[in-house]
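# Reading the structure
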Amino acid sequence: MLDCSIGYLGIFLKRHINIESLNVSKSEIDHVSKFTIVVNTTEKWVHNIVGQIEKQIEVIKAFYHTDDETIYQESALFKIASNLLFDERQIQNIIKESNSQIVTVSREFFVLAKSGRRFEIDEMYEQLKPFGIMQFVRSRPNFGN
Amino acid sequence: METLKEKKTAQKTKKSIRISGAEAIIHCLLAEGVDLIYGYPGGAIMPVYDELYKFQDKLTHILTRHEQGATHAAQGYARVSGRVGVAMATSGPGATNLVTGLADAQIDSTPLVCITGQVPRHLLGSDAFQETDIIGISTPVTKWNYQVTKASEIPEIMAKAFYIAKSGRPGPVLVDITKNAQFDELDFTYTKCNGVRSYKPAPKPDADALKQAADLINNAKKPLIVWGQGVILGKAEEELKELVEKAGIPAAWTIMGASALDSEHPLNVGMVGMHGNYGPNLLTNECDVLIAIGMRFDDRVTGRLEDYAKQAKVIHFEIDPAEVNKNVHADVPVLGNSKETLSLILPLINPNSHKEWLQLFAEKYQIEYDTVIKNDIYPTKEGLTMGEVIEEINLASDQKAVIVTDVGQHRMIGCRYAKFKESKSNITSGGLGTMGFALPAAIGAKMGAMDREVVAIIGDGGYQMTIQELGVIFQHNVPVKIVVLNNDHLGMVRQWQELFFDRRYASTVMTNPDFVKIAEGYHIEAKRVTERKELKSTIQEMMASKNPYFLEVKVEKEDNVFPMIPSGAAVSEIRLK
C-alpha cells in the first residue's frame, strides 16, 4: 500500500470481524508498506474483504492465505515480578527450556523475551500464567507460503 | 493524437503562474471543464469563494439551501450529463452535511468531486472552531479522499480527484483543503491525470472468458439478461440492444439500469427486485443462463440468496472485481468495461430467438396486468392512484422526460410505470434510498440537460426533508416540474406496518402543511389536484409550462405497492397481493 492509510480497517469493523493482529512494516519495495492482518472468519468473507481492500485507491495488491499456508514467526515479551524468580523454582526451568532471554531486570520486575512459532509462544504463556504475568505483548509478523 | 514526445515537450513549455491556492482550485476546475458547481460558503472555504466571485463569468456557483442539497444536485447533474458533479462546502458542519450525498454517490457509483474547507494546518487536531475530521468521517463513503495542507499540492491532487471520480467504476471523491493552503501561493501549472500507480480503473477483458460466456449464451434454451447501471455508466446502451436483439434474449433491468433500453422494446421484460415485475422475478428461478450486466446483485434484487437462480449458470459482466462472487457465484465472470466486453462478445453470438421462453414472460405479464397494473393505472375506484399520475406524465411528456424520484411508494410506482425512450432518464437514489434526494437532484438534472423536461416525483415525507431547495428553483428560475404524491403518510413504511406489523402505524401518519401555499411563497406556480377529472388537464398544463411548476396530487391514503417480494423471501415467492 502507498501512503500508510488505515482507513480501510472499517471494512473489517462493519462486518464485526475482530482483528487478531495487525502488522505494518516497510516492504521490499521503496515507499510501499506491507500490512499483515490476521483475522478469524470464513474464507467466503475473506474473499469479499480482500476484494474490497484491493479496490482502495492506495492499495497495490491484496492477498489472503489460510492458516495452513501461513508461517508465523513471533516475538513475545513477558513482564514478571522479580521476587517470583527466587520464590518459584519452576520459572527458572521454564526460562531454560524455552530458550528465552532475560532482557532487563529491576527490583520490581524482569522481562523475558521469546521468539518462535505461534504454538511455542502459546505454550510458554500457559506455563507462566499460573505464576502471574504482569504484562504480555506479542508481535505476529507472518508470511503466506 | 499527440505523441509521447510532444506531450513531454508541451509539459515542459507550460509556463507556471504564481497564484494563491484558492485561485489554483478555480483554475483546476476550469481545466477539467467544470462550469457549474453547487455549494454553500463558510469560514474555512472563504478564500475559494472570493475567487469564485472573480471568476463568475466562467464558473457558475449555485447556492443550495443546505449542503446535502448541493451533493444531490451535483449527483442529478452527473447522472443526466455523464459528467463529474462538483459540490463545495466549508469545514465542520458544512462538511458533515455532505456525508449523506457522498454515501449515496458511493453506493450508486456517481462521479462527484467534493471540495471542503478545513481549519488552518496549525490548528488541525486542536478541536478548533468548525474543525471535524472529515477525512476520517468520509473514508467509508468515498472512492478516495485526501487532505491538502500545502498550496503546492493542489494541482496534482485536483487532477487525481477528477481522474479517480470518473474513471473505472465512478464514485465520489472528497478533497479537504486547509485554509492556509488556500491563502498561500504556489507556482501553478496543470496536467491532467491519466493514471495512478496503485489503481486499475478497469480490468482488461479476457478472451477465454468471453468465449465461455458466448458458448453458454449460444447453447442456452432459457437465457435471461439482467442489466444494471453499469450499462449506462459504460455508455453501452447500443451494445446491450444489439446483444438483446441478436440473441433474442428477454432482458430485465434493476432500478439503476432503467432507461438504458427503450421501455417499449419487445424484449424489455421489465424490472427485477422487490417491487419489480412478476415475470422477470419469477422466471429468474427458471432461466438456464442468467446474464448479469453491470449490476451487483443487491439484496433488493436477489431476495433470499440461497434460492436465487440456483438452477442457472451465471455470467457476470462487471467492471469491479470486488463485485464478482460477492453475493452470487459467477460461473463465468467477464471483467471489464461494459461497452468493451459487450462489443467483443457480439461477433461470437449466434442469432437466435427464444419464442416459447418469451411467451412465458408475456403470460406472466398478463397475470400481473390483470391483478395489479390495470388497477394501478386505470383505476375504477374513487381515490386517485399514484400509477395513474405517472401514466398521465408518460402521455403528456411523450415518454421523453427525465423522471427524478425520491424514496418510498411513489418511487417504486414511478419506476414501475414511467416509460423511457432515452437513456439517463431515470434518476433515483437506488442503493442508499435517501429520502430528500429528488428535489435537489431534479435541480441538478435540469441544469445538466437544459433541453430536456425534468419531472420530480416526490412523496409528502421526502419532500419535506429538502423542501428548502425550492429557494434555488425560485432564485435561478430552474424550470423543473415538481409532483408531490401526497397520501399524508410515510407510505412505504405504513405498507410494511400493515403487512408485517399488524397495522400498528407507529409514526407514519403525517399532518401536512399547505404545500401549494409553500410553493407560492417561493413564487412558483402551484396547483393541487384532488379529483380524477382535473388530473389530465393539469398535468398537460404543467408539462406545457416553461417555468418551474409545482403540482400536489392528493392520492389514496392507504394504497399498497405490488407485486412484492417480502424481505427475506425468494424471488419466486413474489406476491401479487
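If you look chain B up in an unreviewed UniProt entry, it shows as Acetolactate synthase from Maribacter litopenaei. Heading Sequence similarities (unreviewed entry) of the UniProt record for chain B holds this comment: "Belongs to the TPP enzyme family." UniProt lists a comment for chain B under the heading Catalytic activity (unreviewed entry), and it reads "2 pyruvate + H(+) = (2S)-2-acetolactate + CO2".

Take the overall build of chain A next. Helices and strands together make up the secondary structure of chain A, namely five helices and eight strands. Each helix and strand of chain A, ordered N terminal to C terminal, gives the series α-β-β-α-β-β-α-α-β-β-α-β-β. Here the C-alpha radius of gyration of chain A, 19 Å, is well above what a compact globule of 145 residues would show, namely 15 Å. Overall, chain A is about 55 × 30 × 30 Å in size when its C-alpha atoms are taken along their principal axes. In chain A, which comprises 145 residues, the share counted as buried stands at 14%. By sequence separation, contacts in chain A at least 24 residues apart represent 68% of the contacts at least 6 residues apart.

On to the UniProt feature "domain: Thiamine pyrophosphate enzyme N-terminal TPP-binding" (unreviewed entry) in chain B. According to UniProt, the "domain: Thiamine pyrophosphate enzyme N-terminal TPP-binding" (unreviewed entry) feature falls on residues 20-135 of chain B. As annotated, residues 20-135 of chain B has a helix share of 43% and a strand share of 18%, and its two end C-alpha atoms lie 23 Å apart.

Residue and element names in this part refer to chain B. Strand 13 (residues 313-318) sits mainly inside the fold: six of its six residues count as buried. Of the two faces of strand 13, both are covered, the one formed by Lys313, Ile315 and Phe317 as well as the one formed by Val314, His316 and Glu318. Pairing of strand 12 (residues 289-293) with strand 13, which is carried by five bridges, proceeds in the parallel orientation. Bridging across to strand 13, Leu290 finds its partner in Val314.

As a further point, take the interface of chain B and chain A. Residue-level contacts link 14 residues of chain B with 13 residues of chain A. Taken together, the residues that form the side of chain B that touches chain A break down as seven nonpolar, three polar and four charged.

Bringing helix 3 (residues 46-54) of chain B into the picture now. All names here are of chain B. Among all positions of helix 3, only Pro47, Val48, Glu51 and Leu52 are buried. What you see down the axis of helix 3 is that its buried residues fit within an arc of 145 degrees, all on one side. On its buried face, helix 3 sits against strand 1 (17-20), helix 2 (21-31), strand 3 (60-63), strand 4 (85-89), strand 5 (112-118) and helix 9 (179-183).

Glancing now at the UniProt feature "domain: Thiamine pyrophosphate enzyme TPP-binding" (unreviewed entry) in chain B. The sites that UniProt annotates as "domain: Thiamine pyrophosphate enzyme TPP-binding" (unreviewed entry) are residues 406-553 of chain B. End-to-end, the C-alpha atoms of residues 406-553 of chain B are 15 Å apart, and along that stretch the chain is 41% helix and 16% strand.

Take the domain arrangement of chain A next. Assigned domains within chain A: domain 1 (7-64) and domain 2 (71-144). Each of domain 1 of chain A and domain 2 of chain A has a C-alpha centre, and these two points are 29 Å apart.

Attention now goes to the sheet that holds strand 18 (residues 481-486) of chain B. Residues and elements named next belong to chain B. Taken together, the six strands give an open sheet; going across it, the order is 16-15-17-18-20-19, and neighbouring strands pair in parallel fashion. A single partner strand is all that each edge strand has here, and the edge strands are strand 16 (426-427) and strand 19 (525-529). Two elements, strand 19 and strand 20 (residues 549-554), share five bridges in a ladder whose sense is parallel. Of the residues in strand 20, the one forming a bridge with Ala526 is Phe550.

Let us look at the packing of helix 2 of chain B against helix 8 (residues 154-166) of chain B. Residue and element names in this part refer to chain B. At a closest axis distance of 10 Å, the pairing of helix 2 and helix 8 adopts a crossing angle of 30 degrees. In the crossing of helix 2 with helix 8, the sense of the turn from one axis to the other is right-handed. Side by side, helix 2 and helix 8 meet where Gly21, Ala24, Ile25 and Cys28 of the first sit next to Ile154, Pro155 and Met158 of the second. Taken together, the residues of the contact of helix 2 with helix 8 break down into six nonpolar, one polar and no charged.

Right, let's talk about the nonpolar core for a bit. Membership of the largest hydrophobic core comes to 186 residues, with the highest contact counts inside it found for Ala87, Val113, Ile315 and Ala456 of chain B. Ignoring sequence-local partners within four residues, the contact set of Ala87 of chain B consists of Ile37, Tyr38, Gly39, Ala70, Thr71, Ala74, Leu98, Leu112 and Cys114 of chain B. Listed in part, the nine residues of the second largest apolar core include Ala76, Phe78, Phe110 and Leu112 of chain A.

On to the sheet that holds strand 5 of chain B, then. Residues and elements named next belong to chain B. Pairing is parallel across the open sheet formed by six strands, whose spatial order is 3-2-4-5-7-6. A single partner strand is all that each edge strand has here, and the edge strands are strand 3 and strand 6 (144-148). Between one strand axis and the next, the sheet turns through 20 degrees on average, direction left out of account.

The predicted model of chain A averages 88 in pLDDT, with 93% of residues at 70 or higher. Mean pLDDT in chain A bottoms out at strand 8 (residues 142-144) of chain A, which sits at 65, and peaks at strand 6 (residues 109-116) of chain A, which reaches 95.

So, on to the domain arrangement of chain B. Residues and elements named next belong to chain B. Each domain of chain B was delimited in the assignment, giving domain 1 (14-188), domain 2 (207-361) and domain 3 (378-554). The C-alpha-based centres of domain 2 and domain 3 are spaced at 30 Å. With 13 residues of domain 2 at the interface, the matching set in domain 3 holds 15 residues. The residue inventory of the side of domain 2 that touches domain 3, partitioned by class, reads six nonpolar, three polar and four charged.

All names here are of chain B. With respect to the helices, strands and loops of the structure, Ala456 is situated in strand 17 (residues 454-459). Counting along the chain gives 14 residues from Ala456 to Ala442, while the straight-line C-alpha distance between them is 5.9 Å. In contact with Ala456, not counting residues within four places along its chain, are Val404, Ala438, Leu439, Ala442, Val480, Lys481, Ile482 and Val483.

About the thresholds
Residues numbered from 1 in each chain as written. Chains lettered and ligands numbered in written order. Predicted model: local features only at pLDDT ≥ 70, side-chain atom pairs only at ≥ 80, totals over all residues. UniProt positions renumbered as here; feature names shortened; annotations may be inferred. Helix = DSSP H or I, 4+ residues; strand = E, 2+ residues; numbered from the N terminus. Rg over C-alpha atoms; globule rule 2.2 N^0.38 Å. Buried ≥ 20, exposed ≤ 12 C-beta atoms within 10 Å, placed from the backbone. Contact = placed C-beta atoms within 7 Å. Pairing = 2+ DSSP bridges. Nonpolar A, V, L, I, M, F, W, Y, C, P; charged D, E, K, R; others polar. Arc of directions from axis to C-beta. Domains from an automatic or database assignment. Axes fitted to C-alpha atoms, helices over the stretch in contact; angles between N-to-C directions. Left-handed = near helix turned anticlockwise from the far one by under 90°. Core = buried A, V, L, I, M, F, W, Y, C linked by C-beta atoms within 7 Å. pLDDT = per-residue confidence, 0-100.

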